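# Structure at a glance
Given next are the chains, with one letter for each unit.
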Amino acid sequence: MNISSTLKTTGRAALLGSLALAALGSVAAFAQEAAPAAAAAAPAAAPTPVLDTGNTAWMLTSTALVLMMTIPGLALFYGGMVRKKNVLATIMQSFAITCLVTVLWFMFGYSLAFTTNESASMNSYIGGFSRFFHHGITVSTLWLPGVANIPEFVFSMFQMTFAIITPALIAGAFAERMKFSALLIFMALWLLVVYAPIAHWVWGGGFLGAAGVLDFAGGTVVHINAGVAGLVCALVLGKREGYGTTNMAPHNLVYSVIGASLLWVGWFGFNAGSELAADGLAGAAMLNTQVATAAAALAWMFAEWIVAKKPSVLGIISGAVAGLVAVTPASGFVNPTGAFIVGIVAGVVCYISAVKVKHMFGYDDSLDAFGVHGVGGVVGALLTGVLADPAINALGKDASIGKQLYGIVFTILWTAIATFVILYIVKALVGLRPTTQEEVEGLDISQHGEVVP
């Protein structure tokens, strides 16, 4: 090979090498540009939900407020309205129910009410077993991840306080005449057979919630449920010894005023806490609760003043509780004007129910559990269907009396039938009432061996 050929060959090789290097450089540059573009085009991974400390702080506070409603609130409210010989027994009922329901809720109730049943068809009626004894919940487990972001332990505890006060309310209907042993068995069965399923129907993914029944904080689940059960208890147990002839006036209305006041304050946790967040809707529920309660207290007071010629202390505190009950389902759906209307209607209707209708039919609803909670719950549930404001809560746009009535009817039917059956089971096991002599002596001494000096 001569020099000329060698130079030509070398020149061509150099040229090809230069072109190859240039091409490789272009590919590398394109790859560097394409990598960020591809990364930008890829969807960002959803952020992992983290605990919301503000919501959690509010729910811890609300939970304590609702527990205060039963002990000491309801205990004092009911305790002051009975005769002195039954005050300890009445307060004991609220306290013992708090302890009993706490254990049962931890073991079975929470799971039955708020978990998803493995059977899709059964899930319309009852929850599953996955959270028995709170199995599977840790300090990192969140309720409503991405929405409320509160610990599931806190949610369960909050709902436990609702499960506590509901059966405790029933005790007002049969005050002064049920054996303590019967009460414990009845309340245990009632919590699991009646309360847990209905809570699931409305709040846990069951058929009433799916049908659009609105119950923000428990008008159906708590108050209609407890009120109807109370009426069935009053009818099955019969009247107190001496009812209609013996003086059965409250022995200490100061206790009852203190109890009603604690109920009023605690109810802010009940209603505003049911939003599960520290936000504007919780604020609206709080204001609605205050307005409706005050309006109902005044409405009952003026109705009594017109009819009985004097406004009583028992009347105004009963009216306040009627307002608290009626605004419960509506508190997160109506505006303050709607809450005002709910309060006025509830105050008048519950006065008529507790004072006039009870006497007309002659049943002994001792402390007006049905007259205030049952009737007030129905009033509030129906008015929620009329007064729900989508500007307050978007769910209100689909509200209707028909849907609310659907929820009311199913709740009444199941509660009445199941309560009746449970009572007769308890009657067969231990009996329902103390002896006549024990009842006349008073439940404090006959059931607990103690008296108030």
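Keep in mind it's a predicted model, so treat the numbers as computed, not measured. (Residues numbered from 1 in each chain as written. Predicted model: local features only at pLDDT ≥ 70, side-chain atom pairs only at ≥ 80, totals over all residues. Heavy atoms only, no water.)

Attention now moves to the layout of surface pockets. Any empty space left between atoms is shown by rolling a water-sized probe over those atoms. Put simply, the largest pocket is a space of about 740 Å³. Lining the largest pocket are 30 residues, and of these Trp203, Asp215, Phe216, Ser274 and Leu395 lie nearest its centre. When residues of the lining of the largest pocket are traced back to their parent elements, those giving at least two are helix H4 (152-170) and helix H5 (180-203). Looking at the lining of the largest pocket, the element that brings in the most residues is H4, giving four residues. Split into classes, the residues belonging to the lining of the largest pocket amount to 20 nonpolar, six polar and four charged. Quantified by volume, the second largest pocket comes out at close to 610 Å³. At the level of elements, helix H2 (53-81), helix H9 (280-308), helix H10 (313-327), helix H11 (336-361) and helix H12 (369-387) are the ones that each hand at least two residues to the lining of the second largest pocket. Per element, the largest residue contribution to the lining of the second largest pocket is five residues, and it comes from H11. In the lining of the second largest pocket, the residues fall into 17 nonpolar, six polar and seven charged. (1 Å grid on protein atoms, 1.4 Å probe; cavity = no way out; pocket = protein on both sides within 12 Å on 5 of 7 lines; lining within 4 Å. Points joined across faces, edges and corners; volume = space filled by probe spheres on them. Helix = DSSP H or I, 4+ residues; strand = E, 2+ residues; numbered from the N terminus. Nonpolar A, V, L, I, M, F, W, Y, C, P; charged D, E, K, R; others polar.)

Note that glutamine 93 resides in helix H3 (residues 87-114). Residue contacts for glutamine 93: discarding those within four places in its chain leaves Ala171, Phe174 and Leu183. (Contact = heavy atoms within 4.5 Å.)

Further remarks concern the packing of H2 against H4. Running from N to C, H2 and H4 cross one another at 15°; their axes reach a closest spacing of 9 Å. Overall, the two elements H2 and H4 adopt an arrangement that is roughly parallel. In this structure, H2 crosses over H4, and the sense of that crossing is left-handed. Contacts from Met59, Leu60, Ser62, Thr63, Val66, Leu67, Met69, Thr70, Leu74 and Tyr78 of H2 reach H4 at Val154, Met157, Phe158, Thr161, Phe162, Ile164, Ile165, Ala168 and Leu169. Among the residues forming the contact of H2 with H4, the class breakdown is 15 nonpolar, four polar and no charged. (Axes fitted to C-alpha atoms, helices over the stretch in contact; angles between N-to-C directions. Parallel < 35°, antiparallel > 145°, perpendicular 65-115°, else oblique. Left-handed = near helix turned anticlockwise from the far one by under 90°.)

With that settled, consider the environment of threonine 161. Looking at the element boundaries, threonine 161 is found in helix H4. Since its relative accessible area comes to 1%, threonine 161 is described here as buried. Leaving out residues up to four positions away in the same chain, threonine 161 has contacts with Thr63, Val66 and Leu67. (Buried < 20%, exposed > 50% of the residue type's maximum accessible area, 1.4 Å probe, protein only.)

If you look at the biggest cluster of nonpolar residues, it comprises 104 residues, and the most contacted ones within it are Phe77, Ile170, Phe174, Phe186 and Tyr195. A total of 14 residues in this core trace back to one element, the largest contributor, which is H5. Not counting residues up to four positions away in its chain, the partners in contact with phenylalanine 186 are Ile170, Cys233, Thr419, Ile422, Leu423 and Val426. Residues Ala292, Val327, Val334 and Ala339 belong to the second largest nonpolar core, which totals five residues. (Core = buried A, V, L, I, M, F, W, Y, C linked by side-chain atoms within 4.5 Å.)

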